[in-house]
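Given next are the chains, with one letter for each unit.
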Amino acid sequence: METERIDRVRRAMEARGLAQMIVCDPQSIDYLTGVYVEPFERLFALCLRADGSHVFFLNKLFSVPETPIEKVWFTDTDDSIGMLAQRIQAGEPLGIDKEWPARFLLPLMERLPGTPCQLASDCVDSVRARKDAAEQELMRMNSRLNDEAMTRAAAYIREGMTEAQVADFLLAQYKELGCQDVSFPPIVSFGANAADPHHMPDGTILREGDCIVLDIGGKKDGYCSDMTRTYFCKRVSDKHAAIHDLVRRANEAAEALVRPGVPLCQLDKAARDVIAQAGYGEYFTHRLGHFIGRTDHEQGDVSSANTALAQEGMVFSIEPGVYLPGEMGVRVEDLVLVTANGCEVLNRVDKRCQLIG
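The rules behind these values
Residues numbered from 1 in each chain as written. Predicted model: local features only at pLDDT ≥ 70, side-chain atom pairs only at ≥ 80, totals over all residues. Heavy atoms only, no water. Helix = DSSP H or I, 4+ residues; strand = E, 2+ residues; numbered from the N terminus. Rg over C-alpha atoms; globule rule 2.2 N^0.38 Å. Contact = heavy atoms within 4.5 Å. Areas by Shrake-Rupley, 256 points an atom, 1.4 Å probe, with all protein chains shown as cover. Lys, Arg positive; Asp, Glu negative; His and termini not counted. Charge placed at Lys NZ, Arg CZ, Asp CG, Glu CD. Pairing = 2+ DSSP bridges. Axes fitted to C-alpha atoms, helices over the stretch in contact; angles between N-to-C directions. Phe/Tyr/Trp six-rings, centres within 6.5 Å; stacked < 30°, edge-to-face > 60°. Lys NZ or Arg CZ within 6 Å of the ring centre and 35° of its normal. Buried < 20%, exposed > 50% of the residue type's maximum accessible area, 1.4 Å probe, protein only. Core = buried A, V, L, I, M, F, W, Y, C linked by side-chain atoms within 4.5 Å.

### Some words on the overall build of the chain
Phase 1 of the analysis: Scanning the chain from N- to C-terminus turns up 9 helices and 20 strands.
Phase 2 of the analysis: At 23 Å, the chain has a C-alpha radius of gyration in line with the 21 Å of a compact globule built from 357 residues.
Phase 3 of the analysis: The C-alpha extent of the chain, read off along each of the three principal axes, is 70 × 40 × 35 Å.
Phase 4 of the analysis: Partitioning the contacts of the chain with sequence separation of at least 6, the portion at a separation of at least 24 is 65%.
Phase 5 of the analysis: Here the chain displays about 14,900 Å² of accessible surface, and carbon together with sulfur accounts for 50% of that area.
Phase 6 of the analysis: Within the chain, the 54 negative side-chain charges are centred at a point lying 2 Å from the centre of the 39 positive side-chain charges.

Now the structure itself:
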């Protein structure tokens, strides 16, 4: 069990005046206890208490390793919510995980009408956001594997291939590289399809002059990678080369500012200003980045609305883009790890405009 992590969550709870909190996100529970369960429709919850008397609520169908946490077992036909309600301090504020389904929360609130519930996921998410030394090394390792997958894909792609063929190739590479899964289904976009940032691979055929957006990531040992590079098939117009250079410079302008204490919104502004000054501001249609770790998108983002400060140990993406509807798109994405004095860029694949195919 990760006692130090739980202690940090307890301190965050106490700072909010919470003596009790329900955590149900399987990734968060695994992060705190080393117990992973995929509950599907069944109740699975960890009740954290500021006094340290934590309680697991587990269906008897679940097989879990031994932990020093007290366990309350139930079957499919037991009143699991009633059993949970009996362990809650009625009338005292109760923190609730953002992932807890309404089918559990609402019946619990009915059982405990005088108990105020509040969204308290940030008590766990703020701890998960700052990676410890072991997690940082896992993020580095996975990013190195992702660099290799990207390098292999760039060497593989040829004119006449379909997006789906390239996606299938990438899936095979992650398996060969020892990943247990992908962070998300690979995004492979040719030509005008790249104007959709989340285009899913289809039968579109690669033509000479097309842009090629590859947004990819693998998952190994419980942690994710994520990176985007944009290439061009055999040739590139002056206009499209200039847009690629613009997006790369926006990426690097934001990365140059990353250090502890910098508001995350300033990073977004740094990249957005570069693109806006070139006249493409309206075509940068999403936030600059997202946090990442045990899942590809963890709580936290790098956006104009987020005034939170960067802190040592945080890992997030820097991914500006320009998307011209019906024509093309460019995105350049790295993961960065906030260090004591700046940041470490975890991806090393060349970001300059390149021809492949």
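### Overview of the sheet that holds strand β20 (residues 355-356)
Phase 1 of the analysis: Taken together, 4 strands build an open sheet; the order of strands is β8-β9-β12-β20 and the sheet is mixed. Both edges of this open sheet fall to β8 (187-190) and β20, since each of them pairs with a single strand only.
Phase 2 of the analysis: Pairing geometry for strand β12 (residues 227-233) and β20, over 2 bridges, is parallel. Bridge pairing links Cys 233 to Ile 356 in β20.
Phase 3 of the analysis: Against the sheet, helix α7 (residues 163-176) makes contact with β8 and β9 (211-216), and its axis sits at roughly 150 degrees relative to β8, the strand it touches most.

### Points about the packing of aromatic side chains
Phase 1 of the analysis: Going through the model one piece at a time under the given rule, you end up with 6 aromatic pairs.
Phase 2 of the analysis: Ring plane angle 55 degrees and centroid distance 6.2 Å describe the contact between Tyr 280 and Tyr 283, whose orientation is recorded as tilted.
Phase 3 of the analysis: Through pairs of rings, three or more aromatic residues link up here, namely Phe 44, Phe 56 and Phe 62.
Phase 4 of the analysis: Positioned above the aromatic ring of Phe 284, the side-chain terminus of Arg 272 is 3.9 Å from the ring centre.

### Things to note about unusual backbone geometry
Phase 1 of the analysis: We note that Asp 221 has phi near 55 degrees; this positive angle belongs to a residue other than glycine.
Phase 2 of the analysis: Considering the arrangement of structural elements, one finds Asp 221 in the loop between β10 (218-220) and β11 (223-224).
Phase 3 of the analysis: For Asp 221, a relative accessible area of 40% gives the class partly exposed.

### Focus on the sheet that holds strand β7 (residues 181-182)
Phase 1 of the analysis: Strand order in the open sheet formed by 3 strands is β7-β10-β11, and the pairing between neighbours is antiparallel. Edge positions in the open sheet fall to β7 and β11, since each of these has one partner strand only.
Phase 2 of the analysis: As defined by bridge partners, β7 adjoins β10 across 2 bridges and the pair is classed as antiparallel. Its bridge partner being in β10, Val 182 is matched across the sheet by Gly 218.

### A word on the nonpolar core
Phase 1 of the analysis: Counting residues in each nonpolar core, the largest one holds 33 residues, and the members touching the most others are Ile 243, Leu 267, Leu 288 and Phe 316.
Phase 2 of the analysis: Of all the secondary-structure elements, those providing two or more residues to this core are β9, α8 (238-255), α9 (264-277), β15 (315-318), β16 (321-324), β17 (328-331) and β18 (334-338).
Phase 3 of the analysis: Aside from chain neighbours lying at most four places away, what touches Leu 288 is Ala 254, Leu 267, Asp 268, Ala 271, Arg 272, Val 302, Ser 317, Ile 318, Glu 319 and Pro 320.
Phase 4 of the analysis: Listed in part, the 32 residues of the second largest apolar core include Ile 29, Val 37, Cys 224 and Leu 335.

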